[in-house]
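# Chain and residue survey
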Amino acid sequence: MPGVYNAILARLVERAGFPAVYVSGAGVTNSLLGMPDTAFVTLTEMAETCGHICRATSLPVVADADTGYGEALQAARAVQVLSASGLAGIHLEDQAMPKRCGHLDGKEVVPAEQMASKIRAAVSARPDPDFIIIARTDAKAIEGIESAIERAKRYLDAGADAIFPEALTSRGEFEQFAQAVKAPLMANMTEFGKTPLFTAKEFAEMGYKMAIFPQTLFRVMMKSAETALAALSRDGGQASLIDQMQTRAELYDLLSYAEYEAFDKRMGESE
């Protein structure tokens, strides 16, 4: 699942043939607010962004719901609000507030039972049993792999549908976790973090059903924008950048522009 932070990228993911879309909390925070991924995005902002994304694609969309925006009561409301946006599921994490990017040092986790209560609340609040609740644990970096495994089992007992072990650092750890935790598993393949670069196929071989690439598109686009700005500043024009651009025709095709025009024309015709 490539990570997106807006609706047009979701359309591009669908056109590229992927089976699902991931909404990155970091991507939304960075792009919408220009701020770091430190629990600045509100539930309302995330739900609005997810609604735009879900309406732009027919693919199932899974979103980052951070710590549930509070405790058990707030996690229950988050499920109600986010499911109404059209999402297929969310993941909740066991970090203490203020949360940090999962691949940074200095994280803290809440007691396992506190997280389990959030999961129970989230499961009880979902309006549709097909809405997926994925429990993320950040405990490996703080308490070790065995603690992460035990937490995962507790979260499954609390009703989680799948488990997301964050910031594992080797193939051995991914395999150890998969052998110990009998549930659908999600892997995070972020760049410049604590996890070595693996392919989706390699994750599947290790026992993982889902692999997210949360910031790949964001990072590539930001570097491309940086390069374009340097060229525009240097040259005073964009001629050297034309070959690197999506054309107007390609964009309009992605947006189904002709279909909107045809609809507008039909609506304006008298019988």
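Described in the following lines is the structure provided in the data block. (Residues numbered from 1 in each chain as written. Predicted model: local features only at pLDDT ≥ 70, side-chain atom pairs only at ≥ 80, totals over all residues. Heavy atoms only, no water.)

## Observations regarding the sheet that holds strand β5 (residues 132–137)
The parallel open sheet is built from six strands, whose spatial order is β1-β2-β3-β4-β5-β6. In the strand order of this sheet, the two ends are held by β1 (3–4) and β6 (162–165), each with one partner. Relative to strand β2 (residues 21–23), β1 runs parallel, the two being bridged by two bridges. Note that in β2 the partner of Val4 across the bridge is Val23. (Pairing = 2+ DSSP bridges. Helix = DSSP H or I, 4+ residues; strand = E, 2+ residues; numbered from the N terminus.)

## Some words on the environment of Phe40
Mapped onto the elements, Phe40 comes out in the loop between α2 (25–33) and α3 (43–56). For Phe40 and Ile132, which are 92 residues apart along the polypeptide, the C-alpha to C-alpha distance reads 24 Å. If near-sequence neighbours (up to four positions away) are discounted, Phe40 is found in contact with Thr29, Leu33, Met35 and Glu45. (Contact = heavy atoms within 4.5 Å.)

## So, the packing of aromatic side chains
As enumerated under the stated definition, the model contains seven aromatic pairs in all. Plain terms: the ring middles of Phe174 and Phe198 are 5.9 Å apart, the flat faces sit at 85° to each other, and that makes the pair edge-to-face. One end of the pair, Phe174, is in helix α8 (residues 171–180); the other, Phe198, is in the loop between β7 (186–188) and α9 (200–206), and 24 residues separate them in sequence. On the basis of relative accessibility, which here comes to 11%, the residue Phe198 falls in the buried class. Note that Arg136 overlies the ring of Phe164, its terminal NZ or CZ placed 5.4 Å from the centroid. (Phe/Tyr/Trp six-rings, centres within 6.5 Å; stacked < 30°, edge-to-face > 60°. Buried < 20%, exposed > 50% of the residue type's maximum accessible area, 1.4 Å probe, protein only. Lys NZ or Arg CZ within 6 Å of the ring centre and 35° of its normal.)

## Things to note about the side chain of Arg126
Turning to its location among the elements, Arg126 is positioned in the loop between α5 (112–125) and β5. Arg126 gets classed as buried once you look at its relative accessible area, which sits at 16%. Reaching out from Arg126, the side chain makes a polar contact with the side chain of Asp161 at a distance of 2.7 Å. (Polar contact = N/O pair within 3.5 Å; in protein donor to acceptor, adjacent residues only side chain to side chain.)

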